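Coordinates in review
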Amino acid sequence: MAVELAPELLEILACPHCHGALAVDHEREELVCLAADCGLAYPVRQGIPVLLIDEARRPDAG
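Per an unreviewed UniProt entry, the recorded name for the protein is UPF0434 protein JOF54_001249, and the organism is Microlunatus capsulatus. In its Sequence similarities (unreviewed entry) section, the UniProt record describing the protein reads: "Belongs to the UPF0434 family."

Focus: the pairing of strand 3 (residues 41-45)
The side chains of a regular strand alternate, first on one face of the sheet and then on the other. For strand 3, the buried fraction is high: 4 of the 5 residues fall into the buried class. Where strand 3 lies against strand 4 (residues 48-49), 2 bridges are found, and the strand directions are antiparallel. The partner of R45 across the bridge, within strand 4, is I48. Counting the residues in the hairpin turn of strand 3 and strand 4 gives 2 residues, including Q46, whose phi is positive at 50°.

Considering the nonpolar core
If you look at the biggest cluster of nonpolar residues, it comprises 12 residues: V3, L5, L13, C15, L22, L31, C33, C38, L40, Y42, V44 and A56. The contacts of C38, once residues within four sequence positions are left out, are C15, H17, C18, C33 and P59.

The rules behind the values
- Residues numbered from 1 in each chain as written.
- Predicted model: local features only at pLDDT ≥ 70, side-chain atom pairs only at ≥ 80, totals over all residues.
- Heavy atoms only, no water.
- UniProt positions renumbered as here; feature names shortened; annotations may be inferred.
- Buried < 20%, exposed > 50% of the residue type's maximum accessible area, 1.4 Å probe, protein only.
- Helix = DSSP H or I, 4+ residues; strand = E, 2+ residues; numbered from the N terminus.
- Pairing = 2+ DSSP bridges.
- Core = buried A, V, L, I, M, F, W, Y, C linked by side-chain atoms within 4.5 Å.
- Contact = heavy atoms within 4.5 Å.

Following this line, the structure appears as structure tokens:
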């Protein structure tokens, strides 16, 4: 199931850890931080982004 977020929402959302921009990863159903030194991936559950650092997947956690 693809992540469907309004483009306006995606423009204002930021990574809670580093405040970097987020991009949608439709395959994994998550938002991924684009900052090179961060890269945390936040799950999207039932169309709602879960922007909690404790819920984020680390980039090296596959």
